[in-house]
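Secondary and tertiary structure notes
Here are the chains, one letter per residue:
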Amino acid sequence: QVQLVESGGGLVQTGGSLRLSCAASGRTVSSYAMGWFRQAPGKEREFVAHISGGEGIPFYADFVKGRFTISRDNAKNTVYLYMNSLKPEDTAVYYCAASTYMMVVGTTSGPYDTWGQGTQVTVSS
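Attention in this report is confined to the structure presented alongside it. (Residues numbered from 1 in each chain as written. Predicted model: local features only at pLDDT ≥ 70, side-chain atom pairs only at ≥ 80, totals over all residues. Heavy atoms only, no water.)

In this structure the tally under the stated criterion is 1 disulfide. The disulfide partner of Cys22 is Cys96, and the S-S distance across this bridge is 2.0 Å. Its torsion about the S-S bond being -75 degrees, the disulfide of Cys22 and Cys96 is classed as left-handed. Here Cys96 lies in strand β9 (residues 92-99) and Cys22 lies in strand β3 (residues 18-25), a separation of 74 residues in the sequence. In this structure, Cys22 and Cys96 share a single accessibility class: buried. (Disulfide = S-S within 2.5 Å. Helix = DSSP H or I, 4+ residues; strand = E, 2+ residues; numbered from the N terminus. Buried < 20%, exposed > 50% of the residue type's maximum accessible area, 1.4 Å probe, protein only.)

Membership of the largest hydrophobic core comes to 34 residues, with the highest contact counts inside it found for Met34, Trp36, Leu81, Met83 and Tyr94. Listed by contribution, the elements that provide at least two residues to this core are β3, β4 (34-39), β5 (46-51), β7 (68-73), β8 (78-83), β9 and β11 (119-124). Counting residues per element, this core draws most heavily on β9, at 5 residues. In this structure Met83 touches Gly16, Ser17, Leu18, Leu20, Arg67, Phe68, Tyr94 and Val121, once residues within four positions along its chain are discounted. (Core = buried A, V, L, I, M, F, W, Y, C linked by side-chain atoms within 4.5 Å. Contact = heavy atoms within 4.5 Å.)

Set out below in structure tokens:
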């Protein structure tokens, strides 16, 4: 059984930083694509970033390019999302997701079969 546990969310001021963690069990993060999505109140869940299995190639939504970085620690079987220069519009519940594919193309949630419980990120103005 695959399980994902997110942590690291919290309250931060505009311009601040946070690091989200996604600890995986039951699936090796270095072999499969892993993604981060977010959902703000009253809005649909949206893609933030993903990292491929194997070489660990990252891909970002346009609105986080240059501010967020996705990475993984194979030894800890954990994926991270480093968030810098946070804005109030980044406020959302952030979800980690695991795919059954090594590579994921695009930004849809379809390739992901397992989701974490989410972690709240709140950016105050």
